[in-house]
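# Working through the structure, step by step
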Amino acid sequence: MFLHISDTHLGKRPYGKTEREGDIYDSFKQLVDIAINERVSFVIHSGDFFDVYEPSAMAYTVAIENLKRLKEANIPFFVIPGNHDLATIRGKGLPLRVLEVVGLVKVLDGKEKTSVFSGINIYGIKYSPTREAFVSEVKGIVPSGKSVLMIHQGLKEYLPFNGSYQIEESELPKGFTYYALGHVHTRKYKRFNDGSLLALPSSPDILDVREIEDYRKNGKGGFLVDLSKDEPYIQQVNVDVREQLLIWVRKENIKSEIDKELASVSSKKLPLIHLILHGEPIEPKLLTSVMKQFSDRIYWWRVEKDETEISKDIKLFGDTSQENVTSLTRKYLLAQGYTEEESNAIIDLIESAEDEEESYAKLKRFLGIQK
Ligand SMILES: [Mn+2]
């Protein structure tokens with residue numbers, strides 16, 4: 001049995017938050033725990049191990065600490081370079097190679113495509129930016145015996161947006177027992193008519209608002225795979241991630257909507273809230289004061305989209321053809337609930353933006369730090 005994971009994006013720091021960077025490290029740590037506890041023969045990672053091709057010292061530290069735990073448990077780690085692992089500047093090298101040089105991973109990237117481990121032929125190629133590149137990478141790979149193909153590609157069936165996929169499912173080379181796919185952050189697996197399996201573990205953390213829906217359906221984590229039987233057998237294993245909620249609120253029911261959604265949270269970690277505002281315009285001050293009441297039940301909140309009836313505001317402005325940016329800004333700020341004095345201070349601040357020292361002094365006065 002082996003563990004299939006992907007898209008760990010170590011080092012990613014969503015919204016600039018170090019706690020979120022820590023969450024992503026924690027998900028990886030939990031996957032390593034699973035591999036050790038389940039005594040798997042090896043781990044395969046389908047790419048985007050790091051988030052960038054020049055990872056931070058912190059990302060390397062977490063990677064090495066956890067890969068060392070696997071090595072001590074005699075569990076090899078096979079990985080392919082995803083698009084995030086590959087340098088965009090020539091000659092910068094591959095961060096995964098650093099981990100390979102110190103003996104913690106085996107990189108399958110096309111130059112070296114095969115590795116045989118516990119009776120399974122493991123093949124892997126690096127991310128190919130085009131269909132043509134993919135075809136030439138897989139050319140010459142002939143599967144034999146129980147076999148795994150690790151790829152990091154967009155498949156039209158799962159990433160149906162123009163320019164986001166390189167190949168279609170039917171273009172996968174035939175004859176492998178298990179297709180270990182990365183890149184698509186949606187978790188699923190399917191069995192083909194010949195009994196072979198295609199699996200997408202997705203990222204083990206919610207890295208984007210668009211992943212929330214899939215998380216709610218399928219959770220986050222990896223797959224335990226058993227190729228010892230006639231047909232491959234797969235089992236989903238989950239990690240505990242910081243939950244994220246996408247909540248539609250109206251001015252009159254902000255609190256009750258959030259209360260209702262918070263009831264579904266099961267993670268030990270406090271959730272991150274993304275709000276979509278609709279209905280009547282909501283003054284920022286009102287929103288801030290309502291959200292303050294949740295400070296011990298949520299980790300952080302942000303507005304994902306403001307779909308309130310801004311058109312109403314615009315009508316309030318009347319004929320705007322004779323107005324300049326300053327007067328429109330003032331009207332908008334007043335409509336958002338700021339006082340005349342506050343609105344003037346904000347405009348003053350915007351207009352003095354050329355002189356950094358002066359605008360800094362004004363900002364301090366505005367925030368009441370300095371008279
Ligand atoms: Mn990815």
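Predicted model, so just to flag it, every value in this text is computed and none were measured.

Cut-offs applied
Residues numbered from 1 in each chain as written. Predicted model: local features only at pLDDT ≥ 70, side-chain atom pairs only at ≥ 80, totals over all residues. Pairing = 2+ DSSP bridges. Helix = DSSP H or I, 4+ residues; strand = E, 2+ residues; numbered from the N terminus. Domains from an automatic or database assignment. Axes fitted to C-alpha atoms, helices over the stretch in contact; angles between N-to-C directions. Parallel < 35°, antiparallel > 145°, perpendicular 65-115°, else oblique. Contact = placed C-beta atoms within 7 Å. Core = buried A, V, L, I, M, F, W, Y, C linked by C-beta atoms within 7 Å. Buried ≥ 20, exposed ≤ 12 C-beta atoms within 10 Å, placed from the backbone.

### Notes on the sheet that holds strand β11 (residues 221-226)
The mixed open sheet is built from 6 strands, whose spatial order is β4-β3-β2-β1-β11-β12. The two strands at the open ends of the sheet, each matched to only one other strand, are β4 (106-107) and β12 (233-238). The pairing of strand β1 (residues 2-5) with strand β2 (residues 42-45) spans 4 bridges and is classified as parallel. Across the sheet, the residue bridging to I5 is H45, located in β2.

### A word on the domain arrangement of the protein chain
Along its sequence, the protein chain is carved into domain 1 (2-238) and domain 2 (244-366). Taking the mean C-alpha position of each, domain 1 and domain 2 sit 40 Å from one another.

### Considerations on the packing of helix α1 (residues 18-37) against helix α2 (residues 57-72)
With their axes 10 Å apart at the nearest point, α1 and α2 run at an angle of 5° to one another. Between α1 and α2, the angle is such that the two are roughly parallel. Taking contact as the criterion, the partners of Y25, F28, K29, V32, A35 and I36 in α1 are, on α2, V62, N66, R69 and L70.

### Regarding the nonpolar core
Residues L10, V43, I44, V148, M150, Y179 and A180 are the most contacted members of the largest nonpolar core, which totals 54 residues. In terms of residue count, the dominant contributor to this core is α1 (6 residues). If we skip the residues at most four places from it in the chain, V43 touches F2, L3, I5, A35, L70, I75 and F77. One finds I258, L272, L277 and I282 within the second-largest nonpolar core, a separate group that totals 8 residues.

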